[in-house]
Every structure is written in structure tokens, then in C-alpha cells.
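An overview of the molecular structure
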Amino acid sequence: MREEYAYLHEMLLEALKQARQNGFLGENILGKGFDFDIDLFSGAGAYICGEGSSLIESMEGRSGRPRIKPPYTKVSGLFNEPTLVHNVETLTAIKSILFHGADVFSKYGTEKSKGTKLISLCGNVNKPGVYEVPFGITIREIIEDLGEGMKDGSEVKFLQLGGASGAIIPKTLIDLPYAYESFKENGLEIGSGAVLVADNTNRIIDFLDSVQTFFLHESCGKCTPCREGNRQLSNILGRMKEGVATDKDVASVERIAKIMKYASFCGLGKTAPTAVLTAIRYFSDELFSKGDVYEECKVTIDNKLWLCPVDSPY
Ligand code: SF4
């Protein structure tokens, strides 16, 4: 359990205690000769501990940093024992399948994405929250039906899908079905299930700056592309936000982001620049070429003129 959820700690320990007292955990469960127990571990709340081997390192008392693989955790994980690392959501899906049957479970969803998914809807919608949705629902339905539309009747400008390491997409993709196959076709990931909706009062550069500041803080520091890449990206985006970026800065953004994507040691560093890279794909006009610019901010990349947003009015 992450440190942020410490207020639930006592409640879970009490639940485990009651389960043991009532014979649902421990030795010889319900007199059927089956032994099983649950231990609760507390972590410091690091994003990197979403990576299985980092989580195991943390549980063993070291700082949460990913291990070199192989050996994979399935072979040698917690205390060198074979270890399966699963998301709690996966375990609850297994429970639903066993309890209701596979046929009932697969009634929901699409051909290739069966069942339901927990999503966390946040941003400029009227009713943010955690919702369980069948795969195949469109993003528009998520915003309009579950989120009860945009706050103050504002317009969707962009969405970030899958959490801080997810892609930024424009509202033209709002009718995309929420399913693994349709996301894959568009180079997107379902990720953590987060759906962040931003309206037209949000600047892309401000959003990117806050995402990169987050990753600068969360990088575990083990490898250079992620540790230094996040630092440099964060510095450059900060300057772009303030309108003091140089042509060299602007020319470096995509190069640094791609080095991080391809050379980082683990998934955190590989996906930390996803927001930047997808913003370049979908919002390059706003990022690089709108507003008044200083001469020195003009830069030619791949025979295309790019401008950094100095004193821009948007
Ligand atoms: S990619 Fe980032 S989080 Fe992963 S090992 Fe390298 S520095 Fe650590």
C-alpha cells in the first residue's frame, strides 16, 4: 500500500484479522486443507514501484529501482522466490469470471477486449470519478454520459489517456471506442485507465510542463536517458512556457524525447516523454508555431520551419 493511502492501512489490517478469525485466511481454510495468507506491505509511494521488480526491491527494504532481467520475477522475485506481480484490478476480474462464469463476463466488451474496465475520469468534466465501463464504449460517451459533459459548457480541447505516461490526443479522436484493439490501431495505450479531459482554456505547453515536472521527480535515477532526459526536457519545457526558449531548445525537444523512449532502462523512462511526443504529433502548431516569435526562435527541422511560442496569445 502506498504511503498516500495510509489512512486505509488500519482498515485493511482489521479486514485481514477478521478474515483470519473467521477461517477465510491462514491454515486449513474452512477445514478444506488449503493454506493461504495475505501480508500487507507499506511503500513510500513511488511511481516507479508500479514496475514489478522495483516493487519487489521496495518490499525487500531497498529503494524502489528496477532489477536487471533476466532473471524475471516469475523465476526469481520476492526473496528470490518465483513471484507473480498482478494489478488488484486483474485479481478482481478473475473473481468476477470465477463467480459469474466466463460467458457472463464476456457478454461485456468487444471481440478482443472482453469484460469491463475501471477508469478514472478527471479534468474539466462535471462529474469526475471512478467508473466501471464495458470495453467498446466511446470516449465521447464517457465524457458526456458518465462525466455529464464539460464544465460550464466548455469545449474539449485535448485528452490524456492512460495516466501521466499516456498519450495526448485531440478531440477529433473522441469517438474512438475504448478498447485495446482500437487504441492500438491509433498508437495509444489503455494504461492505468485514466481519462483526463482538458478544455480550451488549457495550454498544451503548461500541461506538458507539469507532466515533465512530475517525471523529473519520479525518475529513480538509475539510468542516464531517463534521469538526465527528464531534467533536460523539464528545463526546456519550462523555458518554452515562459517564452524564453532558444532555437537550440526547440530543436532538442523531440530528439531528447526519442532518446528517452528508446534508450531508457525501464517503462517509466520509455513512457515519460509520451505526452511530449504525442503533443508534437497532434499539436505542433500550437507548441511551436503560433504567436509572435523572436527571430532567434526560428529553427528549421526536416526542412520545416518551427517556431517556439514566445509571447503567444493562446
Ligand atoms: S528509466 Fe527512469 S525509472 Fe527506469 S531505471 Fe531508468 S532512471 Fe529509473
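Structure first, text after, so check above.
Residues numbered from 1 in each chain as written. Predicted model: local features only at pLDDT ≥ 70, side-chain atom pairs only at ≥ 80, totals over all residues. Heavy atoms only, no water.

Turning our attention to the site of the ligand. The local shell around the ligand holds 13 residues, among which Cys220, Lys222, Cys223, Cys226 and Cys266 are the closest. Residues of the shell around the ligand, tallied by class, amount to eight nonpolar, four polar and one charged. (Near = heavy atom within 4 Å. Nonpolar A, V, L, I, M, F, W, Y, C, P; charged D, E, K, R; others polar.)

All right, on to the pairing of strand S4 (residues 167–170) then. Residues Ala167 and Ile169 of S4 are buried on one face, and the alternating residues Ile168 and Pro170, pointing to the opposite face, are buried as well. Counting the residues between successive antiparallel strands, the hairpin from strand S3 (residues 156–161) to S4 contains five residues, one of them, Gly162, with a positive phi of roughly 95 degrees. (Buried < 20%, exposed > 50% of the residue type's maximum accessible area, 1.4 Å probe, protein only. Helix = DSSP H or I, 4+ residues; strand = E, 2+ residues; numbered from the N terminus. Pairing = 2+ DSSP bridges.)

Here we come to the sheet that holds S4. What the five strands build is an open sheet, ordered S2-S1-S5-S3-S4; its pairing is mixed. Pairing within the sheet leaves two strands with one partner each, and these edge strands are strand S2 (129–134) and S4. Within the sheet, the average angular offset between the axes of one strand and its neighbour, ignoring direction, is 30 degrees. Note that S3 and strand S5 (residues 194–199) share five bridges and pair antiparallel. Counterpart to Phe158 in the pairing with S5 is Ala198. The strands that helix H5 (residues 139–146) touches are strand S1 (116–123), S2, S3, S4 and S5; relative to S3, the one it contacts most, it runs at about 110 degrees. In the packing of helix H7 (residues 204–218) onto the sheet, contacts are made with S3, S4 and S5, and the angle to S3 comes to roughly 20 degrees. (Axes fitted to C-alpha atoms, helices over the stretch in contact; angles between N-to-C directions. Contact = heavy atoms within 4.5 Å.)

Take the pattern of salt bridges next. Under the defined criterion, the tally for this structure stands at 20 salt bridges. The partner of Arg67 in a salt bridge is Glu60, with the nearest N and O atoms 3.0 Å apart. Comparing Arg67 with Glu60 shows no difference in burial state: the two are buried. For Asp175, the salt bridge goes to Arg140, with nearest N and O atoms at 2.7 Å. With Asp175 in the loop between S4 and helix H6 (180–185) and Arg140 in helix H5, this pair connects stretches of sequence that are 35 residues apart. With a relative accessible area of 44%, Asp175 lands in the partly exposed category. Connected via shared salt-bridge partners are Glu57, Glu60, Arg62 and Arg67. (Salt bridge = Lys/Arg side-chain N within 4 Å of Asp/Glu carboxyl O.)

The tendency in soluble globular proteins is for nonpolar side chains to be buried as a group. Within the largest apolar cluster, 34 residues are counted, with the highest numbers of intra-cluster contacts made by Leu208, Met240, Val276 and Leu287. When contributions to this core are tallied by element, the ones reaching two or more residues are H7, helix H8 (224–242), helix H9 (247–263) and helix H11 (274–289). If you look at the next biggest cluster of nonpolar residues, it comprises 25 residues, including Leu121, Phe135, Leu161 and Phe183. (Core = buried A, V, L, I, M, F, W, Y, C linked by side-chain atoms within 4.5 Å.)

A few words now on the packing of H8 against H9. Contact geometry of H8 with H9 gives a least axis separation of 9 Å together with a crossing angle of 155 degrees. Judged by the inter-axis angle, H8 sits roughly antiparallel to H9. Considering only the axes of H8 and H9, their crossing is left-handed. In this structure, H8 uses Pro225, Gly229, Asn230, Gln232, Leu233, Ile236, Arg239 and Met240 to contact H9, whose residues at the interface are Asp249, Ser252, Val253, Ile256, Ala257, Ile259, Met260 and Ala263. Of the residues that constitute the contact of H8 with H9, the class distribution is 10 nonpolar, four polar and two charged. (Parallel < 35°, antiparallel > 145°, perpendicular 65-115°, else oblique. Left-handed = near helix turned anticlockwise from the far one by under 90°.)

As a further point, take the packing of aromatic side chains. For the structure on display, the rule yields eight aromatic pairs. Relative to Phe207, the ring of Phe158 has its centre 5.1 Å away and its plane inclined at 70 degrees; by these criteria the two rings are edge-to-face. Placement of Phe158 in strand S3 and of Phe207 in helix H7 is noted, with a sequence separation of 49 residues between them. Considering the side-chain rings of Phe158 and Phe283, the 6.1 Å spacing of their centres and the 70 degrees angle between planes classify their relative orientation as edge-to-face. With Phe158 in strand S3 and Phe283 in helix H11, this pair connects stretches of sequence that are 125 residues apart. For Phe158, a relative accessible area of 0% gives the class buried. By relative accessible area, Phe283 is classed as buried at 10%. Three or more aromatic residues joined by ring pairs form one cluster here, namely Tyr47, Phe214 and Phe215. Its end group placed over the ring of Phe99, Lys95 keeps NZ or CZ at 5.3 Å from the ring centre. (Phe/Tyr/Trp six-rings, centres within 6.5 Å; stacked < 30°, edge-to-face > 60°. Lys NZ or Arg CZ within 6 Å of the ring centre and 35° of its normal.)

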